Amino acid sequence: MARARFSKSFTQQPPIPEDAIEAAVAVMRSGRLHRYNTAPGVPGETMELERDFALWQGQPFCLAVASGGQAMQIALRAAGVKMGDLVLTNGFTLAPVPGAIAVVGGKPVLVEITDDLVIDLDDLAAKARQTGARFLLLSHMRGHLCDMERLMQIATELDITVLEDCAHTMGARWNRKLSGSFGLAGCFSTQTYKHLNSGEGGLLTSQDAEFMARATILSGSYMLFDRHGAGPATEVYDDIRLDTPNTSARMDNLRAALLRPQLRRIDQSIAAWNERYDLVAARLAAHPAIRLPTRPEAEAYVGSSIQFRLPGITAANAQTLVARLSGAGVEVKWFGAPHPIGFTSDHHSWRYVAAQNLPQTDRILAGLFDMRLPLSFTLPDCALLADLIVDAVAALQTRATS
Ligand SMILES: *Cc1c(COP(=O)(O)O)cnc(C)c1O
């Protein structure tokens, strides 16, 4: 029973909405692309985006920056991470996360993950106690939220400052509270493969005025910090403006213009992702060998990608599976690959981080697969993808048992 080959591209995003294109064209016509190059009395698009996002995220302060990676680096510095400070982070995440810690001079302390792909809170508490680390860059990797109440309780008990990497959880909630609003700061990405698309871009939110004033100066505001859409009061900058270095990582008006109309539609996008995710998840879950991360009642996720595990799969079988699916037009990534490929890498290939022993994470990654669910895929596309994956997994098993 040969199925049709899947022929759509996994990297094709939906087009930028027409009103966003018009807004971007208007910025280009004006020639005022730099965020501080605004006509007198007219707020620029970047300023307006900060206002819009702060409101949507329910936080008093928002800073628009050049990328998600820059949002994390700025957040670490503004939180007070100094050369040699230990920073806890997930043992499974994307390379810009340990990268952000390393470039600000921090030393990553990698924490194990659980079968549900979230940070292991027992290992977190144990490592915080053992090492005395006082910072956590928590990555909600691939959109999975840990028990945020328990995490914040551990952080309070052990005096840990929490910064959240929300690159995959813009719009996700734990017990109705938005990811990014638990810790000192939320770091978001508007890079093409995330929940809003401006090519590159980042957003940083917080409730802490001094943190945000430091972050704003770090982002390269010069002395123009009063031209921010959701920034702290000018007096907060009195000392901070002279004590904080400028690292030039601003967003520009063109990107902000592309983002504002997309933000207005984000709830529709989230609903569309979740329809796709739930459809694929239900079909995959029907196969006894395929394990999906459990999604707790408290978690309102954004299913912009899907992960599944084949516990105990051999490396050879994992490679066969990925190759077969690729032959059927299905781009599935395997996190257990011995060498980094494309966007995926694991802690063994982050050589700028001291080598660490993470047996539990290694075991999980050895059987972990991942597929993007771009909104350019229809529901029938998603059904076909799920069926192709189930067929390929079943074919492996038939071989193994025959
Ligand atoms: C993409 C990503 C980032 C960084 O975002 P950029 O805008 O690409 O710098 C951070 N964390 C995770 C988990 C990501 O996937």
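Right, let's walk through the structure included here.

Analysis parameters
Residues numbered from 1 in each chain as written. Predicted model: local features only at pLDDT ≥ 70, side-chain atom pairs only at ≥ 80, totals over all residues. Heavy atoms only, no water. Near = heavy atom within 4 Å. Polar contact = N/O pair within 3.5 Å; in protein donor to acceptor, adjacent residues only side chain to side chain. Areas by Shrake-Rupley, 256 points an atom, 1.4 Å probe, with all protein chains shown as cover. Helix = DSSP H or I, 4+ residues; strand = E, 2+ residues; numbered from the N terminus. Nonpolar A, V, L, I, M, F, W, Y, C, P; charged D, E, K, R; others polar. Expected span 1.5 Å × (residues − 1). Buried < 20%, exposed > 50% of the residue type's maximum accessible area, 1.4 Å probe, protein only. Arc of directions from axis to C-beta. Contact = heavy atoms within 4.5 Å.

## Observations regarding the site of the ligand
Here is step 1: Surrounding the ligand, one finds 17 residues, the nearest of these being Gly-68, Gly-69, His-168, Ser-189 and Lys-194.
Here is step 2: Within the backbone of Gly-68, one N or O atom sits 2.8 Å away from an oxygen atom of the ligand.
Here is step 3: Lys-194 places a polar side-chain atom, nitrogen or oxygen, 2.9 Å from an oxygen atom of the ligand.
Here is step 4: Summarising the interface, the protein chains cover 93% of the accessible area of the ligand, which totals 380 Å² for the free molecule.
Here is step 5: Counting residues per element, the ones that place at least two in the shell around the ligand are α3 (68-79) and α4 (96-103).
Here is step 6: A per-class count over the shell around the ligand returns six nonpolar, nine polar and two charged.

## With respect to helix α11 (residues 315-327)
Here is step 1: Counted at 1.5 Å a residue, the expected span for α11 with its 13 residues is 18 Å, and the 18 Å between its end C-alpha atoms agrees.
Here is step 2: Asn-317, Ala-318, Leu-321 and Leu-325 are the residues of α11 that are buried. All buried residues of α11 fall inside an arc of 105° around its axis, so they share one side.
Here is step 3: Taken from the residues just after α11, Gly-329 is the one with a positive phi, measuring 85°.

## A short note on the side chain of Thr-46
Here is step 1: Mapped onto the fold, Thr-46 is located in helix α2 (residues 45-57).
Here is step 2: At 2.7 Å, the side chain of Thr-46 and the side chain of Asn-253 are in polar contact.
Here is step 3: Ignoring anything within four residues of it in the chain, the contact list for Thr-46 reads Arg-35, Ala-64, Met-251, Asp-252, Asn-253 and Ala-256.

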